[in-house]
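Inside the fold
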Amino acid sequence: MLNEVDFPLTNSQISEFILDEGYTTYFKLQQALSELLESGFIREESTHHRTFYHLTEDGAETIHYFTNDISPAIQHDIDEFLKEKHYELKNEMSVKADYFENSNMEYSVRCQVIEQGLPLIDLTVTAPTESEAATIETEPGDLCVSNGEVVVVIILVTYPGPE
């Protein structure tokens, strides 16, 4: 799947396809992903709530050796899934957020809108508690920051770009 898209996929996106099609169990899938990571065929990028998988150069080279071993029916299922969900998958990947404790003992939440691997918007806001930082990170599309009686609402909109 990762060789068919130009953006990383989350663990949940890969799991959705594999498990919905009944190709294996959740635990076997996680074991396979772990083995691919250890072998250097994929790399992992994690935030507090999501794990993204990227295909490495070694992984892309290795896929060419095994393409004929994947049944045409499974290849068709992958193509149909990606065709049907491409825009949804890409949009989910284009808004990223993560938080960390800063030097003021508060939390900085970094929200980004990514297009073709580059940030279109890169915004960092401060949250007074980890709980508030986690809330912002979980829903970066609708980011509300309260400062006394003034409320600033920032909507991160994904630009679909030229297709």
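Below, the structure is looked at part by part. Just so we're clear, the structure is a prediction, and the values are computed from it rather than from any experiment.

**So, the pairing of strand E5 (residues 107-115)**
With respect to burial, E5 is a largely interior element, eight of its nine residues being buried. The hairpin turn running from strand E4 (residues 95-101) into E5, its antiparallel successor, is five residues long, and Met105 in that turn takes a positive phi close to 65°. Direction of pairing for E5 relative to strand E6 (residues 118-127): antiparallel, over a ladder of nine bridges. When the bridges of E6 are listed, Arg110 appears paired with Thr124.

**A look at unusual backbone geometry**
Positioned with a positive phi, Met105 is a non-glycine residue whose angle comes to about 65°. Secondary-structure assignment places Met105 in the loop between E4 and E5.

**A short note on the nonpolar core**
Counting 16 residues, the largest nonpolar core has Met1, Leu9 and Leu82 as its most contacted members. Where this core is concerned, the elements lending two or more residues are helix H1 (11-20), helix H2 (26-39) and helix H4 (72-94). For this core, the leading source of residues is H4, giving four residues. Among the nonpolar cores identified, the runner-up in size contains ten residues, and Tyr99, Val125, Ala133 and Ile136 belong to it.

**As for the pattern of salt bridges**
Taken as a whole, this structure holds two salt bridges when the rule is applied. A salt bridge links Glu16 to Lys85, with the shortest nitrogen-to-oxygen separation between them at 2.7 Å. Separated by 69 residues along the polypeptide, Glu16 in helix H1 and Lys85 in helix H4 bring together distant segments of the chain. Overall, Glu16 belongs to the partly exposed group, its relative accessible area being 26%. Residue classification places Lys85 among the buried positions, given a relative accessible area of 16%.

**Remarks on a negative patch on the surface**
Taken together, the side chains of Glu4, Asp79, Glu80, Glu84 and Glu88 define an acidic patch exposed on the protein surface. Relative to the helices and strands, Asp79 is located in helix H4. Residue Asp79 is classed as partly exposed on the basis of its relative accessible area, which comes to 41%.

**What to know about the sheet that holds E4**
Taken together, the three strands give an open sheet; going across it, the order is E4-E5-E6, and neighbouring strands pair in antiparallel fashion. In this open sheet, the two strands that pair with only one neighbour each are E4 and E6. Across the sheet, the mean angle from the axis of one strand to that of its neighbour is 20°, orientation sign disregarded. In the sheet, E4 pairs with E5 via seven bridges, with the strands oriented antiparallel. Paired with Phe100 across the strands is Ser108, a residue of E5.

About the thresholds
- Residues numbered from 1 in each chain as written.
- Predicted model: local features only at pLDDT ≥ 70, side-chain atom pairs only at ≥ 80, totals over all residues.
- Heavy atoms only, no water.
- Buried < 20%, exposed > 50% of the residue type's maximum accessible area, 1.4 Å probe, protein only.
- Helix = DSSP H or I, 4+ residues; strand = E, 2+ residues; numbered from the N terminus.
- Pairing = 2+ DSSP bridges.
- Core = buried A, V, L, I, M, F, W, Y, C linked by side-chain atoms within 4.5 Å.
- Salt bridge = Lys/Arg side-chain N within 4 Å of Asp/Glu carboxyl O.
- Patch = residues over 30% accessible without salt bridge, like charges linked within 9 Å, V, L, I, M, F, W, Y side chains within 5 Å.
- Areas by Shrake-Rupley, 256 points an atom, 1.4 Å probe, with all protein chains shown as cover.
- Lys, Arg positive; Asp, Glu negative; His and termini not counted.
- Charge placed at Lys NZ, Arg CZ, Asp CG, Glu CD.
- Axes fitted to C-alpha atoms, helices over the stretch in contact; angles between N-to-C directions.

None of the figures reported here should be taken as evidence of function without further support.
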